[in-house]
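Coordinates in review
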Amino acid sequence: MDLNDVFGGRQFVLTGNYPYDISSQIFFKMLDNKDLIPCCTGMIQHEVAVRMAAAPGNKQYGILSVLIQAWYDVDYLFTVEPSVFNPPPKVQSAVIRMTRNQTTNLGCDWQLFRRVVKTTFNQRRKMLRVSLRQLLPENCQSQVANSQFATLRPEQLTIPQFVELTNLVSEVCPHTNN
């Protein structure tokens, strides 16, 4: 569904008690419509909320953290214990708020940024020079392998560093933008 059509191009607040099994996919779709959604609140599974709010250097920091925090400030508001539900679920819940930050231009190609983030976190224990081999043709790998990012792991990079890495990938291998 085209949210521009549904809301006539006007901004709206996204709020809800999100289905735990597809909440990440809902938030990825929210990113596709970030200019329409200045704020998002709701209850989600605790582990997902922790990942969304995680900072670099934390083992919970991952794809969801980077992609959402590139465009939104994430506030973990509070935990909801299973005992408040009938019947109680087997997992804890949490209420979060995401407020659109001041970023209007990430400073790199958004689609390539997403690919770089996903590729590196899909092998999160590998150094970036190894995980980026999946994304880069052989003739482009040495320039990334000799960069300042070569021996880092994805959870060590801040969002501005992911932007810098994305621009490096784009520069050394321009056809990766496709």
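Residues numbered from 1 in each chain as written. Predicted model: local features only at pLDDT ≥ 70, side-chain atom pairs only at ≥ 80, totals over all residues. Heavy atoms only, no water.

1. Notes on the packing of aromatic side chains
Summed over all chains, the structure comprises seven aromatic pairs. Plain terms: the ring middles of F7 and F12 are 4.0 Å apart, the flat faces sit at 15° to each other, and that makes the pair stacked. With relative accessibility at 29%, the residue F7 sits in the partly exposed group. Overall, F12 belongs to the buried group, its relative accessible area being 12%. Relative to F162, the ring of F113 has its centre 6.4 Å away and its plane inclined at 80°; by these criteria the two rings are edge-to-face. Of this pair, F113 sits in helix α5 (residues 110-121) while F162 is found in helix α8 (residues 159-172), placing the two residues 49 residues apart along the sequence. By relative accessible area, which is 0% here, F162 ends up buried. Within the aromatic cluster, the residues linked to one another by ring pairs are Y61, W71, W110, F113, F121 and F162. Across the ring face of W71, the terminal group of K34 is positioned such that the distance to the ring centre comes to 4.5 Å. Over the face of the ring belonging to W110 we find K34, whose NZ or CZ atom lies 5.6 Å from the ring centre. (Phe/Tyr/Trp six-rings, centres within 6.5 Å; stacked < 30°, edge-to-face > 60°. Buried < 20%, exposed > 50% of the residue type's maximum accessible area, 1.4 Å probe, protein only. Helix = DSSP H or I, 4+ residues; strand = E, 2+ residues; numbered from the N terminus. Lys NZ or Arg CZ within 6 Å of the ring centre and 35° of its normal.)

2. Focus: helix α3 (residues 46-53)
Those residues of α3 that sit buried are H46, V48, A49 and M52. With its buried residues spanning 160° around the axis, α3 presents them on a single face. Against the buried residues of α3 lie α2 (23-32), β2 (39-45), α4 (63-69), β3 (72-80) and β4 (93-100). (Arc of directions from axis to C-beta. Contact = heavy atoms within 4.5 Å.)

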